[in-house]
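Structural overview
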Amino acid sequence: SLKQLEITMKLFCTFVFLLLIGGIANAQLTEPKTPTPSPQEPQFRSEEIMFKSTGDVTLAGSLRLTNGKGPFPAIVLLGGSERLSRSAIYNWASASEFLNKGIAVFSFDSPGRGKSEGDRWGRTQKERTDDALAAFKAIASREEINKKCIGLYGTSEGGVVSFRAMAESKDIAFAVTISAPAIPG
């Protein structure tokens, strides 16, 4: 049935993503302290994307892709309560590792940061969830992105936003959270 196919696709995307993350985590644990240059650095391309969110706020982000042929799986990076710029979120999440694995990366400036409009500190979790969903939709419409394999990667409060966004959209394939607050039960 269509429902079973949808569940299978989400599980597949989650499984592939976890395999890739496992490789990234293992590489980070076993890398020597002095980096050795690789013989050929992968080439990436980046494109700025402007999109609308709740309250008619325009947000600005960067979609980074490898130079290979798509459509690519993708991940949307969501920072925590510190409300970072897109480059700070990108660097904090070691997002180049996703690109090395062929996963497109989208990070955007928090409202009031960089080229994004809005109040940096005045966004509620609901509005931040709307921002995440708007970012998801902004890249899901692109032909170089596999719209059935887009997930969210949230740190701290961004992890909570990831959970909320998944609860609101059946199109989000997976979520990875780092240090997200939770309660038992």
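Read on for a plain summary of the structure. Remember, it's a predicted structure, so these values are computed and weren't measured experimentally. (Residues numbered from 1 in each chain as written. Predicted model: local features only at pLDDT ≥ 70, side-chain atom pairs only at ≥ 80, totals over all residues. Heavy atoms only, no water.)

**A short note on the overall build of the chain**
- For the chain, the count of helices and strands is five helices and six strands.
- In the chain, the succession of helices and strands from N to C terminus is α-β-β-β-α-α-β-α-β-α-β.
- The long-range fraction of contacts in the chain, counting pairs at least 24 apart against all pairs at least 6 apart in sequence, stands at 68%.
- Here the chain displays about 10100 Å² of accessible surface, and carbon together with sulfur accounts for 57% of that area. (Helix = DSSP H or I, 4+ residues; strand = E, 2+ residues; numbered from the N terminus. Contact = heavy atoms within 4.5 Å. Areas by Shrake-Rupley, 256 points an atom, 1.4 Å probe, with all protein chains shown as cover.)

**Description of the pairing of strand S3 (residues 72–78)**
- Within S3, six of the seven residues are buried, leaving the element largely enclosed by the surrounding structure.
- In this sheet, strand S5 (residues 145–155) lies alongside S3 in parallel orientation, the contact comprising six bridges. Among the inter-strand pairings, Leu-78 is bridged to a residue of S5, identified as Gly-154.
- As judged from the four bridges shared by S3 and strand S4 (residues 104–108), these two strands associate in the parallel manner. What sits directly across from Ala-74, in S4, is Ala-104. (Buried < 20%, exposed > 50% of the residue type's maximum accessible area, 1.4 Å probe, protein only. Pairing = 2+ DSSP bridges.)

**So, the nonpolar core**
- Phe-51, Leu-63, Val-76, Phe-106, Phe-108, Ile-139 and Ile-150 are the most contacted members of the largest nonpolar core, which totals 27 residues.
- Contributing elements (two or more residues each) for this core: strand S1 (44–53), strand S2 (57–66), S3, S4, helix H4 (125–140), S5 and helix H5 (157–168).
- Tallying contributions element by element places H4 first for this core, with eight residues.
- If you look at the next biggest cluster of nonpolar residues, it comprises 11 residues, including Leu-77, Phe-98, Ile-103 and Val-105. (Core = buried A, V, L, I, M, F, W, Y, C linked by side-chain atoms within 4.5 Å.)

**What to know about the pattern of salt bridges**
- Tallied over the full model, the rule gives eight salt bridges.
- The partner of Arg-123 in a salt bridge is Asp-131, and the shortest N-O contact between them spans 2.4 Å.
- For Arg-142, the salt bridge is made with Glu-144, and the minimal N-O distance between the two is 3.1 Å.
- For Glu-144, a relative accessible area of 18% puts it in the buried group.
- Salt bridges here are not isolated pairs; linked through shared partners, they connect Glu-47, Arg-142 and Glu-144. (Salt bridge = Lys/Arg side-chain N within 4 Å of Asp/Glu carboxyl O.)

**Side note on the pairing of S1**
- The pairing of S1 with S2 spans 10 bridges and is antiparallel. Note on S2: the bridge partner recorded for Arg-45 is Leu-65.

**Looking at the sheet that holds S5**
- Taken together, six strands build an open sheet; the order of strands is S1-S2-S4-S3-S5-S6 and the sheet is mixed. Edge positions in the open sheet fall to S1 and strand S6 (174–178), since each of these has one partner strand only. Here the average twist between neighbouring strands, direction ignored, is 25°.
- Here H4 sits on the sheet in contact with S1, S2, S3, S4 and S5, set at roughly 130° to S1.
- Running at roughly 140° to S5, H5 makes contact with S3, S5 and S6 of the sheet. (Axes fitted to C-alpha atoms, helices over the stretch in contact; angles between N-to-C directions.)

**Description of the packing of H4 against H5**
- The N-to-C vectors of H4 and H5 enclose an angle of 70°; their axes lie 9 Å apart at closest approach. Relative to H5, the element H4 lies roughly perpendicular. The crossing of H4 and H5 is right-handed. Facing H4, whose interface residues are Gln-125, Lys-126, Arg-128, Thr-129, Asp-130, Ala-132 and Leu-133, H5 presents Glu-157, Gly-158, Val-160, Val-161, Arg-164, Ala-165 and Glu-168.
- Class assignment for the residues of the contact of H4 with H5 results in five nonpolar, three polar and six charged. (Parallel < 35°, antiparallel > 145°, perpendicular 65-115°, else oblique. Left-handed = near helix turned anticlockwise from the far one by under 90°. Nonpolar A, V, L, I, M, F, W, Y, C, P; charged D, E, K, R; others polar.)

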